[in-house]
Amino acid sequence: MVLSAEDKTNVKAVWDKAGGNIGAFGGEALDRMFLGFPTTKTYFSHFDLTPGSKDIQAQGKKVADALTLAVNHLDDLPGALSKLSDLHAHNLRVDPVNFKFLSHSLLVTLSSHLGNDFSPSYHASLDKFLSSVSTVLTSKYR
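Each value, and the rule that gives it
- Residues numbered from 1 in each chain as written.
- Predicted model: local features only at pLDDT ≥ 70, side-chain atom pairs only at ≥ 80, totals over all residues.
- Heavy atoms only, no water.
- Phe/Tyr/Trp six-rings, centres within 6.5 Å; stacked < 30°, edge-to-face > 60°.
- Helix = DSSP H or I, 4+ residues; strand = E, 2+ residues; numbered from the N terminus.
- Buried < 20%, exposed > 50% of the residue type's maximum accessible area, 1.4 Å probe, protein only.
- 1 Å grid on protein atoms, 1.4 Å probe; cavity = no way out; pocket = protein on both sides within 12 Å on 5 of 7 lines; lining within 4 Å.
- Points joined across faces, edges and corners; volume = space filled by probe spheres on them.
- Nonpolar A, V, L, I, M, F, W, Y, C, P; charged D, E, K, R; others polar.

### Comments concerning the packing of aromatic side chains
Ring pairs (aromatic) are described by centroid distance and by the angle formed between their planes.
Part 1 of the argument: The tally for this structure, following the rule as stated, stands at four aromatic pairs.
Part 2 of the argument: With a centroid separation of 5.2 Å and 65° between ring planes, the pair formed by Phe34 and Phe44 is classed as edge-to-face. Here Phe34 is found in helix H2 (residues 22–36), whereas its partner Phe44 is found in the loop between H2 and helix H3 (54–71), with ten residues between them in sequence.
Part 3 of the argument: Looking at Phe34, the relative accessible area reads 2%, which means it is buried.

Structure (structure tokens):
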């Protein structure tokens, strides 16, 4: 899925609005994912999966940092996310559907915090962006 110039502008605007909270939002999105899609917990059996735990917050920050990297490289997502794609495909062997679950959980989290600042056009652009990130992360599964 190709991001238009408007999509890229919208994604950057959402990221700017999230500001310094994006790491915490990443942790909250993981909490939502684990609650809504309990099968995703299998990849984190070594974590304290209590909502808000230090493990979840630290992993949420990693997710947020990876997405921030992607936001900063919207014109080269495959290059920016190549190492993460290798990690998830070859080492962690994460089921690709889990990226969709996390994307959904992140959209809900951002919507709940940004309220009216999370417009329908921002939502649509961020959904396309997260779908593109998911596609890149699963590209090496084939």
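### Brief notes about the environment of Ser82
Part 1 of the argument: Within the element layout of this structure, Ser82 appears in helix H5 (residues 82–92).
Part 2 of the argument: Distance in space between the C-alpha atoms of Ser82 and Val136 is 7.9 Å, their sequence separation being 54 residues.

### A word on empty space enclosed by the protein
Part 1 of the argument: Within this structure, the stated rule accounts for one cavity of 30 Å³ or more.
Part 2 of the argument: Of all elements in the fold, only H2 and H3 reach the threshold of two or more residues within the lining of the largest cavity.
Part 3 of the argument: Tallying contributions element by element places H3 first for the lining of the largest cavity, with four residues.
Part 4 of the argument: Partitioning the lining of the largest cavity into residue classes produces six nonpolar, two polar and no charged.

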